[in-house]
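Summary of structural features
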Amino acid sequence: MGDPLYANGVDLAVVLIVALKALVTFVFLLVSVLLMVWFERKVISDMQSRIGPDRAGPWGILQTLADGTKLFFKEDLLPEQADRKIFHLAPYLSAIPAFAAFAVIPIGGTISIAGHTTYLQLADPPVGVLFLLAMSSIAVYGVMLAGWSSGSKYPLLGSVRASAQMVSYEAAMGLSVAAAVLAAASLSTHDIVGAQSTWNWNLWALGGVPFVIYLIAATAETNRPPFDLVEAEQELVGGFHTEYAGIRFALFFLAEFMNTITVSAVAVTLFFGGPSGPHISFLPTLWPIVWFFSKLVCFLFVYVWFRATLPRFRYDQLMDLGWKKLIPLSLFWLLLIAALRIGRDRGWNQPVVVLISLGVGIVAYATLNAALRVGQRLTDDEAADPDVDSHQVASGSAPKAGV
Amino acid sequence: MGYLDGFKVTFKQMFGPRVTNRYPDVKRPKPLRFHGRHVLNRYEDGMEKCIGCELCAGVCPARCIYVRGADNPPDAPVSPGERYGFVYEINYLRCIHCDLCVEACPTEAITESKLFEFSFTNRDDAIYTRTELLVDDEGMPRKLPWEDWRPGDEKHTSAWVRATSPSGAASYEGKPAWSGELGFGVRPPEKGQSDFEGAPAEPSINEISPQPAGGEPVPPTGGQSGTVAGG
């Protein structure tokens, strides 16, 4: 129950250990962002038959450091129309949740420092998963306020897109995460990892669907390609960070890559058993960390792979996918898993439970489809009605599209 | 595979060859008639070719050339003939490297090198004066500190004037009608059109052999006979 560090009360040593863990997590995240940017640039240039950065340091590994130093010394511009306070606040609202979210990720087993035993994770609150969801929701404010306070139209468009997109996919992500919570019967990330050890990973224990939904929703949450409408360069200049320069821009950049790392770490924790893996008696503390990081790197690679492969979604496709496909599917799957668990506890016949659930699912899907079709027909009818001018414009026959 | 085919394509690319040139270390060969920064040529006896006629300045669309002619001092003439280029300046902040000056020059005094990688850091450096443009006593372009010359680059200074047969008449094909240059003598003519059938279309400057390139060697009209890429 909770971190054994606090079992014998809190003294100075405990405080120091927590401070040390916080410092290590902070430094680790900063360094991993440096490496992640380099990794992404290298892998994507491999996939595009290019060489990528190779000037600064061996294999260009210091390129991010050089870029960061440059950004640090650049002039920090403030647009005339900007809302000063919020403009200055927004980058921190974006970066701090990205840091904080990583605090609940278990990256290894337990270690002993100076007679105290503690988990290899900064904090293990009983509400761990809720904390993760809260942090990813707060990050929306950074993007939203950055776009709004810039006093410029492209950032505003970008941030409107961002808030709509993040709110839409938050639901699907929450439902897929809830499936993992259901499997472990706990919100604590440490317990979720514990329930999956050693090979009972949620990836297959939950049937794979929650993981796929989480992967898609997390990509959308972090505004990574193919869901990068928020900063679609071809349409919105830079999106919400168009008016930012120098160190504030660097903070947004930092937050973006840190979010990628964090959602990958969450995926590893929730669906891939976190640090669990083959037990090796030589250096038993080290191996869980190695397993965790190798899983993490695989995920980061997958995100880069997405970026290299998939073209950007159109806005209506994005909303369709989120609301009409992912949310109903993840809701259905969550209910199916819940039914199966209750059935197991009460001793019901499992195949019958699955069949009934499938029947209910099909009926629900048909109902949803019918509802969507009715909605579409009403829209079409209104568009075809010659009396209403504004709808005629929207139908596409007039040169001006949209209203 | 359907949707997932794209992933296969990008993954395969990771192990394919790279298309990038490692630019500052390795440079692509420049085309034969590349327009670079100019040089002012001299005759084989060391006299300057420029006669200060200002035709180059007149034809320049960017107005980047400034020339003032002066009478040759009788006891120490700078160029053969009456006048010479007393002041000759090209502003490389304005030059568009169109080479109209080279076409206009009646004495082949101004020609182009292949150098385009020069990055000066102040406006005075951008204005090349006669001292900087004029070839040195070996007939090679002067290398300024901010210019990126690579070994062998300095020999390719006058391709355009040798590009076409004089007067455009086929009967002159392969017969040089240009004066010799300090350090190089009379440069060989380029291959005529008839030689290009079945031959590689445009030889890069790295592939030019030091031997006369024409099908039949034509005796030069004067100067150091047979000397080609000497110096």
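Residues numbered from 1 in each chain as written. Chains lettered and ligands numbered in written order. Predicted model: local features only at pLDDT ≥ 70, side-chain atom pairs only at ≥ 80, totals over all residues.

Residues and elements named next belong to chain B. Per-residue pLDDT for chain B averages 78, and the proportion of residues at 70 or more is 77%. pLDDT under 50 marks residues 199-231. Its contacts with residues more than four places away, or in other chains, come to 60 contacts. If you check the scores for this complex, the pTM reads 0.75 and the ipTM reads 0.72. (pLDDT = per-residue confidence, 0-100. Contact = placed C-beta atoms within 7 Å.)

For any two helices packed against each other, one specifies the crossing angle of their axes together with the interaxial distance. All names here are of chain A. Packing of helix α4 (residues 128-149) against helix α5 (residues 153-184) brings their axes to within 8 Å, and their N-to-C directions diverge by 175°. Taken as axis vectors, α4 and α5 run roughly antiparallel relative to one another. Where α4 abuts α5, its residues V129, L133, S137, V140, V143, M144, A146, G147 and W148 lie against P155, L156, G158, S159, A162, S163, M166, E170, G174, V177 and V181. Taken together, the residues of the contact of α4 with α5 sort by class into 13 nonpolar, 6 polar and 1 charged. (Axes fitted to C-alpha atoms, helices over the stretch in contact; angles between N-to-C directions. Helix = DSSP H or I, 4+ residues; strand = E, 2+ residues; numbered from the N terminus. Parallel < 35°, antiparallel > 145°, perpendicular 65-115°, else oblique. Nonpolar A, V, L, I, M, F, W, Y, C, P; charged D, E, K, R; others polar.)

Negative phi is the rule for most residues except glycine; trans is the rule for most peptide bonds. Residues and elements named next belong to chain A. Cis geometry is adopted by the peptide bond preceding P226, which originates at P225 and carries an omega value of 5°. With respect to the helices and strands, the residue P226 is situated in the loop between α8 (209-221) and α9 (233-236). With a phi close to 55°, W59 is a non-glycine residue in the positive phi region. Residue position: W59 is located in the loop between α1 (12-47) and α2 (63-73). Residue W59 is classed as partly exposed on the basis of its 13 C-beta neighbours within 10 Å. (Buried ≥ 20, exposed ≤ 12 C-beta atoms within 10 Å, placed from the backbone.)

Residue and element names in this part refer to chain B. Pairing is antiparallel across the open sheet formed by 3 strands, whose spatial order is β2-β3-β5. Only two strands of the sheet have a single neighbouring strand rather than two, namely β2 (65-71) and β5 (127-128). Pairing of β2 with strand β3 (residues 83-91), which is carried by 7 bridges, proceeds in the antiparallel orientation. When the bridges of β3 are listed, V67 appears paired with Y88. (Pairing = 2+ DSSP bridges.)

Now for the interface of chain A and chain B. Facing 10 residues of chain A, the contacting portion of chain B comprises 10 residues. Broken down by element, the residue count for the side of chain A that touches chain B peaks at 3 residues, all from helix α11 (residues 286-309) of chain A. Its residues assigned to classes, the side of chain A that touches chain B shows 5 nonpolar, 3 polar and 2 charged.

Glancing now at the nonpolar core. By size, the foremost hydrophobic cluster in this structure holds 93 residues, and its most contacted members are A180, Y214, A217, L254 and A267 of chain A. The element contributing the most residues to this core is helix α10 (residues 246-271) of chain A, with 16 residues. Not counting residues up to four positions away in its chain, the partners in contact with A267 of chain A are Y214, L215, A218, F272 and F299 of chain A. In terms of nonpolar packing, the next biggest core, distinct from the first, is built from 22 residues, C64, I65, A109 and V135 of chain B among them. (Core = buried A, V, L, I, M, F, W, Y, C linked by C-beta atoms within 7 Å.)

With 36 residues, α1 of chain A ought to run about 52 Å at 1.5 Å a step, and its terminal C-alpha atoms sit 51 Å apart, in line with that. Residues of α1 of chain A that are buried include every one of K21, L29, V33, M36, V37, W38, E40, K42, V43, D46 and M47 of chain A, and no others. In this fold, the buried residues of α1 of chain A make contact with α2, α3 (84-101), α10 and α11 of chain A together with α1 (5-13) of chain B. Remark: S49 of chain A follows α1 of chain A within two positions and exhibits a positive phi of approximately 60°. (Expected span 1.5 Å × (residues − 1).)

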